[in-house]
Amino acid sequence: MSDKIKDKSLGMWYLSGILGGVKITFAHLIKNLFSPSERVTLNYPEEQHTYSPRFKGNHILTVKNDGSLRCTACMLCATNCPADCISIVASEHADPHVEKFPVKYEIDILRCVYCGFCEEACPVDAIRMGPEWQIPDLADGNFIYDIQHLAYRPQLKGGIISVVDEQERHQAGI
Amino acid sequence: MVKCTINGQTVEVKEGTTVIEAMHQEGMKIAHYCWHPGLSVAGVCRLCMVEIQGNPRLQVGCNTVVTEGMNINNTSDKVKEAVQWGLDFHLINHPLDCPVCDQAGECGLQDQYMEFGQYDSIMAEPKQKKHKVVDLGPTVVLDSERCILCSRCVRFTTEVSKTNELGIFNRGDHSEVGTHEGTSLDNNYSLNTVDICPVGALTSKDFRFKQRVWYLKEQKTICNGCSTGCNIKVYFNTEGFFRVKPVYNEQVNGYWMCDQGRDIYKFANKQARYQGGKRYNQGQWVTDEAPGHVAMQASKVIAQNKNKTALILTGQYTVEEYEIAIQSFLASVGNSIGIKNIYHWNSHISEINNFDGTLLRGDRNPNTKGLIKVFEKYNIQTQVEDLEKAIEAGQIDTAIVAGPEDLTYYKQSNQKMVSLISALKNIVWLQSTINPELEEKVKSNLFIIPMKSYLEKSGTFINFNGIEQSFRAVTTVMSQALTLGQAIGLMMGDQKAVLPAAETAADHAVKPFVQESRPASQVMAEERKKNEFIYKRGATNER
Ligand code: SF4
Ligand code: SF4
Ligand code: SF4
Ligand code: SF4
Ligand code: FES
C-alpha cells in the first residue's frame, strides 16, 4: 500500500488539518480557563441541566385527592405503546364508582422509547412523563418500574395529583 | 315469495319476512339494537328506521313485514337524521365510561355511533344516576347506567331459558333492568344475556377485566362440554384462552350455548395441563420428560406384554384419532390373541339420554357417537364392565387409558377407573389435564403422557344426533404434547407416528399470496372486525 505513495511531500497532506484542530482545542481551553461563565459543558453531577417543563422523562402515575391511583386500568396506554413495555393487570375495585383499578402496573423502562404516546392515550391524566431522566441502577429487575415507583417514589413527595377529579366529574354528570 | 325494492335494489324474500331480515339477507346495513334473530320482536330501540314509499312517516324495519311491491329506503337524509337522533336519545344517560367498560371494542353503541352517529351531543342536563356493579347472580354483573333498555336480556329469560328472572322496573328515565324479588339470574344459560347485550351493561364475572377485547383473537370450533356439540368461538392470545361464545348453527345450537360450556377453555390453559411426561417406577418419579420419550419407554413394556394389553378409550377424542389409534393398536398387539382388547369408558352411561330441554345433554362426551362408529367399523362391542371381568380373570396386566380432558364430570368415574386398574402391572395414562387422583393412587409402573387438548388439534366430532362436525386447531399451547394417534402409534413401535403427514407436491407449489393460500391458523383482519354487529350479521347470522 504505502509504496504506492512515491512522493514523500504528498504523504504529509493531513498535517494542516490536525494543526487546525489543535488550534481550536487550545483556543477553547484558554477561553474556558479565563471566562468560566461561557463554558458549554457542565460539571455533572454537581451541576445539572434544567430541562424544559415539557421534557418527556421518566413516567409518573398520578393520584387522586385521597392518594389512591388515578389510573382506571383501561389499558389504552399499553395498547398505544409502540415498545410494548407497559403491562397492566386489572381488578375489581371495592367502590362501584371506581369499578376497575390496576393491581399491577409495570413499565419496562429499558424498552421504553420515551415517545409519550402513553401520556397522550390516557383519558384521565393518570400517566405523565416527568422531568427526571436519569435511570441508572444496579440490577435488571430495578428497571421494571412498578406502581410503588411510578406513583410514590420519594422524589414525587407523596404523589402528583391528577387534573381529572372524580368528584367533579360525578357532579357534572359525566 | 314477495318482491320488493330496497335502496333501489330488487329483492325477493319469503312471505312474512320483516324488512330488517330482508336487508340482512342482502347484506345491507341497518342500525338496530333490540332486534335479535333468535328472539321475538320488541321494537323498542327505534333505531331501525326505514322510509317506505307512500307512507308519510318512518317505520321500524324490525316490525314491518315486507309486502309485494314495497319500496323501502334507509339511506335518505330523513332516515339518517332519525337514526342520529335516536342514537342521541340512547346516549342521553349513558355514562360513556368506555375506558373501564369491558364491552369497549365490541360495543353496539360505539360501532353504531361511528357508523350512523358522529355528532356532538347537545344535551345540557346532568345524566341520570343509576346502580353500578349490580350483582345479578353467580355469573353476571349489571351496570344500569350503561343499559339502553333494549330488553334483549329480558326476552331471553322469558323466551329461551324460560326462567323469567329478569324484568325492567320503574318508568321513563328511571327504568332499570333487574331481577324479580327473591330471584337471581341463576340458570344454565345466563351468560347468553351477556353476549346479546349490545352494550356493556351485562358483563361476565368470569371474563370481567381479564383482557381488553382487542387483545384477543377468535377462532371457531366445537364445544366439547357435552354431546350436543354447540358451535362456538374461543378467544385467545399468547397468554392463553380467555372466553367462549356461541356461533350460530341452525341444526345444532341456534344462537346459544350453556354456561357449563363456557368453562371448556380452562382445561386447555397451561395451568391445568401436564407440562411434561411423567413416569413412576419402583417408588420413583421421573418428571419433565418429553411426551414422545415417555411413549417410547412405554412401548418397551407393551412389547413384553403384547397379549395382555388393553386399550381404554373415552369419547373425548376425535374420530380421526380413534381411527389411527385403533388401527395401529390392532395391527400390533390387540388382535394377537383373537380378542379385541379395546374398551369404551363412558362416565355417564346411565344418563346418556338425559336432556335439559334446551341444549345440555347428559352425555358429557363430545364424541361418544364417533367412538361408537369407529368401534362398529372394527366390530368392537366392549364396555367398562367387560374390562372389569377381564381384569378379574387376570387377562390384562397392561392398560393404556385415553383419559378425559375435563375431569369435572369424570370425578367419580375417574376414581373408579383408577382403583380398578391400579393393581395392574403397567399403566399408560394419556391425558391433557392434571389427574391428581391417578398420581396418588397408582403404585405400579405408571407412564403419564401429556395429550394435546382438542383446541390444539383438527378433527371431527359426531354429536348425539349423528351430525359430523369438523373443526380445526385453534392454537398451540403445549407444543410437545401428542395426539392420541401419535401416542398410540409410538407405543406400538411406529416411530414415524409423530411426523407430520407426508407432504405432497401441491404443498410445495408456489402459491400466489391470496387469501385462499394462507395458513389455516392465520386470522385475517376482516374476521376480527369487531363491527360485525352491523356488517356481518345478515350474512352469517352470528350473534
Ligand atoms: S413513552 Fe412510549 S414507549 Fe415509553 S411507555 Fe410510553 S408509550 Fe411506551
Ligand atoms: S394510565 Fe391511563 S391509559 Fe393507562 S391504563 Fe391507566 S387510565 Fe388507562
Ligand atoms: S342489560 Fe343489555 S340486553 Fe338488557 S336491556 Fe339493557 S342493554 Fe339490553
Ligand atoms: S350444551 Fe353442551 S355443547 Fe352446548 S355449550 Fe353446553 S356443554 Fe357445550
Ligand atoms: S331494532 Fe327495530 S326498534 Fe329496535
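Residues numbered from 1 in each chain as written. Chains lettered and ligands numbered in written order. Predicted model: local features only at pLDDT ≥ 70, side-chain atom pairs only at ≥ 80, totals over all residues. Heavy atoms only, no water.

Caption draft 1: Summary view of the overall build of chain B. Counting its secondary structure elements, chain B contains 16 helices and 22 strands. Across its three principal axes, chain B shows a C-alpha extent of roughly 85 × 55 × 40 Å. When the 543 residues of chain B are sorted by exposure, 57% land in the buried category. Partitioning the contacts of chain B with sequence separation of at least 6, the portion at a separation of at least 24 is 66%. Carbon and sulfur atoms make up 50% of the accessible area of chain B, which totals about 23700 Å². Side chains of chain B give 58 positive and 61 negative charges; the mean places of these two sets differ by 3 Å. (Helix = DSSP H or I, 4+ residues; strand = E, 2+ residues; numbered from the N terminus. Buried < 20%, exposed > 50% of the residue type's maximum accessible area, 1.4 Å probe, protein only. Contact = heavy atoms within 4.5 Å. Areas by Shrake-Rupley, 256 points an atom, 1.4 Å probe, with all protein chains shown as cover. Lys, Arg positive; Asp, Glu negative; His and termini not counted. Charge placed at Lys NZ, Arg CZ, Asp CG, Glu CD.)

Caption draft 2: Expanded view of the site of ligand 3. In the region of ligand 3, the neighbouring residues are B:C147, B:I148, B:L149, B:C150, B:S151, B:R152, B:C153, B:V177, B:C197, B:V199, B:A201 and B:L202. Counted by class, the shell around ligand 3 contains 10 nonpolar, one polar and one charged residues. (Near = heavy atom within 4 Å. Nonpolar A, V, L, I, M, F, W, Y, C, P; charged D, E, K, R; others polar.)

Caption draft 3: Structural context of the domain arrangement of chain A. Domain annotation for chain A reports domain 1 (9–38) and domain 2 (59–172). A separation of 50 Å is found between the C-alpha centroids of domain 1 of chain A and domain 2 of chain A. (Domains from an automatic or database assignment.)

Caption draft 4: Quick peek at the sheet that holds strand β5 (residues 144–145) of chain A. Residue and element names in this part refer to chain A. Read across the open sheet, the three strands follow the order β2-β3-β5; overall the sheet is antiparallel. In this open sheet, the two edge strands, each paired with only one partner strand, are β2 (86–92) and β5. In this sheet, β5 lies alongside strand β3 (residues 100–108) in antiparallel orientation, the contact comprising two bridges. Following the sheet pairing, I107 is matched in β5 by Y145. (Pairing = 2+ DSSP bridges.)

Caption draft 5: Quick peek at the domain arrangement of chain B. All names here are of chain B. Partitioning chain B into domains gives domain 1 (2–90), domain 2 (120–267) and domain 3 (277–518). Here the C-alpha centroids of domain 2 and domain 3 sit 35 Å apart. Taken together, the contact pairs 29 residues of domain 2 with 28 residues of domain 3. Buried area between domain 2 and domain 3, summed over both chains or domains, comes out near 2500 Å², and the portion from carbon and sulfur atoms is 60%. (Buried area = accessible area lost by both parts, 1.4 Å probe.)

Caption draft 6: Local environment of the packing of aromatic side chains. Residues and elements named next belong to chain B. All told, the structure shown has 16 aromatic pairs over all chains when counted by the stated rule. With centroids separated by 5.4 Å and ring planes inclined at 65°, the aromatic side chains of Y113 and Y119 adopt a geometry described as edge-to-face. Exposure remark for Y113: the relative accessible area of 24% places this residue in the partly exposed category. A relative accessible area of 12% means that Y119 is categorised as buried. (Phe/Tyr/Trp six-rings, centres within 6.5 Å; stacked < 30°, edge-to-face > 60°.)

Caption draft 7: Main features of the packing of helix α9 (residues 384–392) of chain B against helix α10 (residues 411–421) of chain B. Residues and elements named next belong to chain B. Where α9 contacts α10, the two axes come as close as 11 Å, and the packing angle between them is 25°. As the angle between them shows, α9 and α10 are arranged roughly parallel. As α9 runs across α10, the sense of the crossing is left-handed. Of the residues in α10, those in contact with V384, L387, E388 and I391 of α9 are M417, L420 and I421. By residue class, the composition of the contact of α9 with α10 is six nonpolar, no polar and one charged. (Axes fitted to C-alpha atoms, helices over the stretch in contact; angles between N-to-C directions. Parallel < 35°, antiparallel > 145°, perpendicular 65-115°, else oblique. Left-handed = near helix turned anticlockwise from the far one by under 90°.)

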